[in-house]
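Secondary and tertiary structure notes
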Amino acid sequence: MMNVTYESTRGGEKGLTASQAILKGLAEDGGLYMPVSIPKLDVPLSRLAGMSYQETAYEVMKLFLTDYTEEELKNCINRAYDSKFDTEGIVSLKKASGAYYLELFHGSTIAFKDMALSILPYLMTTAARKNHVENEIVILTATSGDTGKAAMAGFADVPGTRIIVFYPKGGVSRVQELQMVTQKGGNTAVVAIHGNFDDAQTGVKKIFGDRGFGAQLAAQGFQLSSANSINIGRLVPQVAYYVYAYGRLVRDGEIQSGDPINITVPTGNFGNILAAYFAKQMGLPVKTLICASNDNKVLYDFFRTGTYDKKREFVLTSSPSMDILISSNLERLVYLSAGSDANVNKRLMESLKDTGAYEATEEMRKRMEDFHGGYATEAENAAEIKRLFDETGYMIDTHTGVASAVYQKYVAKTGDKTPTVIASTASPYKFSHSVMEAVFGNQGDKDEFAIIDELCKVSGVAVPHAVEEIRDAQVRHKRECSVDAMENVVAEILGMAR
Ligand SMILES: *Cc1c(COP(=O)(O)O)cnc(C)c1O
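Below, the structure is looked at part by part. Every chain's residues receive numbers from 1 upward, in the order its sequence appears when written. At least 70 in pLDDT is required for a residue's local features to be given in this predicted model, at least 80 for side-chain atom pairs to be given and counted, and no such filter applies to totals for whole chains, interfaces and linings, which use all residues. To obtain the side-chain values, all non-hydrogen atoms of the structure were used and water was disregarded.

Further remarks concern the side chain of Asn262. Counting from the N terminus, the helices are DSSP H or I runs at least four residues long and the strands are E runs at least two residues long. Position of Asn262 among the secondary structure elements: in strand E9 (residues 261-266). Accessible area is worked out with a 1.4 Å probe on protein chains only. A residue is then buried under 20% of its type maximum, exposed over 50%, and partly exposed in between. According to the relative accessible area criterion, Asn262 is buried, its value standing at 0%. The term polar contact refers here to a pair of N or O atoms within 3.5 Å; inside protein, the definition further demands a hydrogen-donor-capable atom paired with an acceptor-capable atom, and it admits residues adjacent in sequence only when both atoms are side-chain atoms. Within the structure, Asn262 has its side chain in polar contact with the backbone nitrogen of Thr288 (distance 2.9 Å). Not counting the four nearest positions on each side in its chain, Asn262 is found in contact with Lys287, Thr288, Ile290, Tyr410, Asp416, Thr418, Pro419, Thr420 and Val421. Throughout, a residue-residue contact means that at least one pair of heavy atoms, one from each residue, lies within 4.5 Å.

Given below as structure tokens:
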């Protein structure tokens, strides 16, 4: 099998193994790790229909993580994708109103982040063993609401690791916040920052880039890594569910093996949709990738005009996990579109940092033609959630609502009838207040759990364990800090002498 190595999108590092790239998370030059080439699937499409989720995941991941042995990788996969998921297929595909909703929220924190974060701790501890790492690994994570909980659920009490999560105070849903601040585990810490998600993400990247701090950490037996979707160990497991969904469509007779599909993804940091693009590059018959944004429509504008411009108001919406203006993983697409020219990418990313904007060339834009950008306003999102529920009885969350609304607009505009998979990224229970408001109008100041019980009545879907367990859970994390104090807070949590 071909050995795949990893290099930074900004040219500063080359020749890393997959396990080294996973351990480091982010390259020292600020770039993201990319495989030197995207491998092709080596199972025939017609065989996908007969494969389990775990088998599919192995077929995809073995092609990227070539320095893991078969035994190591299968062990990671089997420990990650087990009864933590409340459906045997790990993900589930629901047909409603002519589209296929790929439910990626059957894991322990009921959002799609579980798909990658339930395996990342195993990939990382295996990587630490393979590379003879003696230090304790400190996972620093900025979250727009879902990554934080999913990462803590994965890393809680994993020997040799600590995890510190920063979330924007006031920028996440009530259930998301409760899930995080009630997290158990002696190695977990949660900090609310006085800022938005971009501030949290920029703050974390700054800590990674501070060499002096890195040296202090090393001297005290720590090294940093990331559980954000910038880590290639997040991206690779996500490719698997698109390949698996294709196999399900064939198995269920919805398409013939070889038929094209479209994929619609509610997008924030561009990790999930990039995984779908990787699946396409691997040979999965995907035609158009529909990138759905909420009112923070920086990606919609980018695909429409070729200019990425973050200089705009940050809008808090009912789909908080997509409230992002600096979409980190887009850097990987920009790099690929520049013909893997790190110098071009680096110039654009420097322009983003210095001026708040950059412009893709015509040639780059041509290479991005597989993408269609769309967005849905708050009203369009709510109307779509209600339409789908009224017509079919199927309740979707506010992020999936954005994707579904954008998909409807796409079909109206293009007439494209290609079978379409819509990534359904969270359980409606995670955003009960917003979905009940969308369908039944103002919920006043009703208690969150009263709304949850009503949602159960109207949808007929049982309240997930992840919600039941926070009903009476004790709040364990009360730390808050300003954006400027993040590094000091990390030092304090780790008990570092400074
Ligand atoms: C993180 C998240 C998204 C956005 O995914 P990206 O990979 O950041 O684009 C969408 N929906 C939900 C529910 C999420 O948690």
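There is more to say, and it comes next.
Let us now look at the sheet that holds strand E4 (residues 99-103). At least two DSSP bridges between two strands are required for those strands to pair. Pairing within the open sheet is mixed, and its six strands lie in the order E3-E4-E14-E9-E10-E13. At either margin of the open sheet sits one strand with a lone partner, and together these are strand E3 (92-96) and strand E13 (371-375). If you compare each strand with its neighbour and ignore which way they point, the axes differ by 25 degrees on average. Relative to E13, strand E10 (residues 286-293) runs parallel, the two sharing five bridges. For Ala292, the partnering residue across the bridge sits in E13 and is Gly374. Each of E4, E9, E10, E13 and strand E14 (420-424) is contacted by helix H18 (residues 398-414), which is oriented at about 125 degrees to E10, the strand it contacts most. Angles run from 0 to 180 degrees between N-to-C directions of axes, and those axes are lines fitted to C-alpha atoms, restricted for helices to the stretch in contact.

Turning our attention to the pattern of salt bridges. Salt bridge criterion: a side-chain nitrogen from Lys or Arg within 4 Å of a carboxyl oxygen from Asp or Glu. Within the structure shown, the criterion is met by 33 salt bridges. Among the ionic pairs, Lys287 bridges to Asp416, the shortest N-O distance being 2.9 Å. One end of the pair, Lys287, is in strand E10; the other, Asp416, is in the loop between H18 and E14, and 129 residues separate them in sequence. Judged by its relative accessible area of 36%, Lys287 is partly exposed. One salt bridge connects Asp301 with Lys297, and the closest N-O pair in it is separated by 3.8 Å. For Asp301, a relative accessible area of 10% corresponds to the buried category. Ionic contacts of the salt-bridge type, sharing partners, join the residues Glu13, Lys24, Glu28 and Arg211 into one network.

The buried fraction of strand E7 (residues 188-194) is high, at six of seven residues. In this structure, strand E6 (residues 161-168) lies alongside E7, joined through six bridges in parallel fashion. Of the residues in E7, the one forming a bridge with Pro168 is Ile193. In this fold, E6 hands off to helix H8 (residues 174-181), which returns the chain to E7; that crossover is right-handed. Looking at chain direction, E7 and strand E15 (residues 479-482) are connected through four bridges and run parallel. Bridge assignment links Val191 to a residue of E15, and that residue is Arg479. Here a crossover is taken to be right-handed if, once the strands point away from the viewer, the path from the first strand over the helix to the second is traced clockwise.

Working definition: residue near molecule or strand if any one of its non-hydrogen atoms lies within 4 Å of it. Taken together, 15 residues lie near the ligand, and Lys113, Asp146, Gly268, Asn269 and Thr425 sit nearest. Between Asp146 and the ligand, the recorded distance is 2.5 Å, taken from a side-chain N or O atom to an oxygen atom. Between the ligand and the protein, one listed contact pairs an oxygen atom with a backbone N or O atom of Gly271 at 3.1 Å. Surface exposure here means Shrake-Rupley accessible area, sampled with a 1.4 Å probe, where a residue is shielded only by the protein chains that are shown. Within the complex, the protein chains bury 98% of what would otherwise be the 380 Å² of accessible surface of the ligand. For the shell around the ligand, the per-class residue count stands at five nonpolar, eight polar and two charged. Charged residues are taken to be Asp, Glu, Lys and Arg, nonpolar residues to be Ala, Val, Leu, Ile, Met, Phe, Trp, Tyr, Cys and Pro, and polar residues to be all remaining types, Gly included.

This brings us to the sheet that holds strand E5 (residues 136-142). Ordered by their spatial adjacency, five strands build an open sheet running E8-E5-E6-E7-E15, and the pairing between neighbours is parallel. Either end of the sheet is taken by a strand with one partner, and the two such strands are strand E8 (222-226) and E15. Pairwise comparison of adjacent strand axes, ignoring direction, gives a mean angle of 30 degrees for this sheet. Relative to E8, E5 is paired through five bridges, and the arrangement is parallel.

One finds Tyr6, Tyr53, Leu65, Tyr242 and Phe270 to be the most contacted residues of the largest nonpolar core, which totals 114 residues. At 13 residues, helix H11 (residues 232-251) tops the list of elements feeding residues into this core. Once residues lying within four places of it in the same chain are set aside, the contact partners of Leu65 are Tyr6, Ala18, Ile22, Leu73, Leu123 and Val236. In plain words, nonpolar cores are sets of buried Ala, Val, Leu, Ile, Met, Phe, Trp, Tyr and Cys residues tied together by side-chain atoms within 4.5 Å. By size, the runner-up hydrophobic cluster in this structure holds 37 residues, among which are Ile290, Met395, Ile396 and Met436.

What follows is about the packing of aromatic side chains. The description of two aromatic rings rests on the distance between their centres and on the angle between their planes. For this analysis, a ring pair means two rings from Phe, Tyr or Trp (six-membered ring only for Trp) whose centres lie within 6.5 Å, classed as stacked if their planes differ by under 30 degrees, edge-to-face if by over 60, and tilted for the remaining angles. With the rule as written, the count across this model stands at 16 aromatic pairs. With a centroid separation of 6.0 Å and 20 degrees between ring planes, the pair formed by Phe64 and Phe278 is classed as stacked. With Phe64 in helix H3 (residues 53-64) and Phe278 in helix H12 (residues 271-281), this residue pair connects regions lying 214 residues apart in the sequence. On the accessibility criterion, Phe64 (0% relative accessible area) is buried. For Phe278, a relative accessible area of 0% gives the class buried. Relative to Phe303, the ring of Phe270 lies with its centre 6.2 Å away and its plane at 35 degrees, an arrangement referred to as tilted. Of the two residues, Phe270 is situated in the loop between E9 and H12 and Phe303 in helix H13 (residues 298-305); the sequence distance between them amounts to 33 residues. In this structure Phe270 comes out as buried when scored by relative accessible area, which is 1%. By relative accessible area, which is 14% here, Phe303 ends up buried.

That is the geometry; function is a separate question.
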